[in-house]
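Secondary and tertiary structure notes
For reference, the chains in residue letters:
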Amino acid sequence: MEGTSLLWLLSLTSLLCHTTEEASLTASPSSSQMFEGDSVSLGCEEDDGSAGWRPTRNTTKQQKTRCGDGWGISEGSSCNISYIFTWESGTYWCESGEGETSNSINITVTGGAVILQSPVLPVMEGHDVTLHCKTKTPPSNLPAAFYKDGSLITETTGHMTIHHVDKSDEGLYSCDIRGHGESPPSWITVTGKPTTSSAPTSTLAPPTSAPPSASAPPSASVPLQVVFRLLYHLVVFCPYFISTVIMVSLYRQRPTGNDRPVSISVATAPPTQAEQRLAEDSNDSDDVVAVTTEHHF
């Protein structure tokens, strides 16, 4: 019975110690906006290639399709798009063969003449970020006006840099080149500095930055990621837990000496002088013989 219980505990510990490998999606070039006809390479940076991570997307025409299923050329965990169309604007992420998902990014493809090159991934607080306003045909370094949430920030030549970004810099950015047109808007996300106890910040952009009919990965995967991350922290304690279970089991099965008979000897103290005299008197009384007195008249 104890052996069965030990086996069950070890099996449960193995399940708790199992963690899932994670991946992150990258894009090259790293820009949230592209011209129609541009090429882009997407990659799933993963810890274990056996998980089968592959770029997946939601677009205005397709929902939850993996690279190679009607779009892109799949090469393991990477995907190459040699000519991207405007309808391929949408949300992209990595997904494993078991349905786990990574961070997601939003890509906007325009048929216009101006794009705003902004980071496709979130920017960390305290870092600098540079925005480029580009035209499809040279020259691309023309005077441009940059906007945040619809309000003019500055007018400069080709690009602008935001130094030491913080949460207040988060918002919807666009640019305009006079005589060429205005770029689509793109949301810039700012994340806090990572700590050992904080959970990774989601990279999903607000709904305003994604195409109208594009949607983010299924929300059902979000709680799964939280569970997997919590289980991940249990790995540190698994070796200690297993060794403790084994030691307790061995301790309970060790032989004990509690069943051996115990002999008890009782020592009798020698009688005192008073007790000896009392005993002698008692013996004398027992020796008394009835005496018949004869009377002679």
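Placed above this text is the structure.
The structure contained in this document is the topic of the report that follows. (Residues numbered from 1 in each chain as written. Predicted model: local features only at pLDDT ≥ 70, side-chain atom pairs only at ≥ 80, totals over all residues. Heavy atoms only, no water.)

**Here we look at the state of the cysteines**
Basically, it comes down to this: Put simply, a disulfide is two cysteine sulfurs that come within 2.5 Å. Here a helix means four or more residues in a row that DSSP labels H or I, a strand means two or more in a row labelled E, and each is numbered from the N terminus. Buried means the residue's accessible area, taken with a 1.4 Å probe over protein chains only, is under 20% of the maximum for its type, while exposed means over 50%, and partly exposed covers the values in between.
Under the criterion given, the structure shown has three disulfides. The residue that forms a disulfide with Cys44 is Cys94, at a sulfur-sulfur distance of 2.1 Å. Between Cys44 and Cys94, the S-S dihedral sits near -105 degrees, and the bridge is therefore left-handed. Taken together, the positions of Cys44 in strand S3 (residues 40-46) and Cys94 in strand S8 (residues 90-95) put the pair 50 residues apart, joining distant regions of the chain. For the pair formed by Cys44 and Cys94, the shared burial category is buried. Sulfur-sulfur distance for the disulfide between Cys67 and Cys79 comes to 2.0 Å. In this structure the cystine formed by Cys67 and Cys79 twists about its S-S bond by roughly 80 degrees; its chirality is therefore right-handed. With Cys67 in the loop between strand S5 (65-66) and strand S6 (73-75) and Cys79 in strand S7 (residues 78-81), the pair connects residues that are 12 residues apart, well separated along the chain. For the pair Cys67 and Cys79, one class covers both residues: buried.

**Digging into the sheet that holds strand S15 (residues 159-162)**
The condition that has to hold: Any two strands with at least two DSSP-identified bridges between them are counted as paired. Here the axes come from fitting lines to C-alpha atoms, over the contacting stretch only for helices, and the angles between their N-to-C directions go from 0 to 180 degrees.
A sheet is described by the order of its strands in space; here three strands give the open sequence S10-S12-S15, paired in antiparallel fashion. This sheet does not close on itself; its edge strands, each paired only once, are strand S10 (114-117) and S15. When the angles between neighbouring strand axes are averaged without regard to direction, this sheet yields 15 degrees. Inspection of the sheet shows S10 paired to strand S12 (residues 129-135) by four bridges, in the antiparallel sense. Within S12, the position partnered with Leu116 by the bridge is Cys133.

**Thoughts on unusual backbone geometry**
The step from Ser28 to Pro29 runs through a cis peptide bond, and the omega angle for that step is 5 degrees. Backbone geometry places Asp149, a non-glycine residue, at a positive phi of 55 degrees. Within the secondary structure, Asp149 sits in the loop between strand S13 (143-148) and strand S14 (151-157). A positive phi angle, near 50 degrees, is found at His164, a position not held by glycine. Its place among the elements puts His164 in the loop between S15 and strand S16 (171-177).

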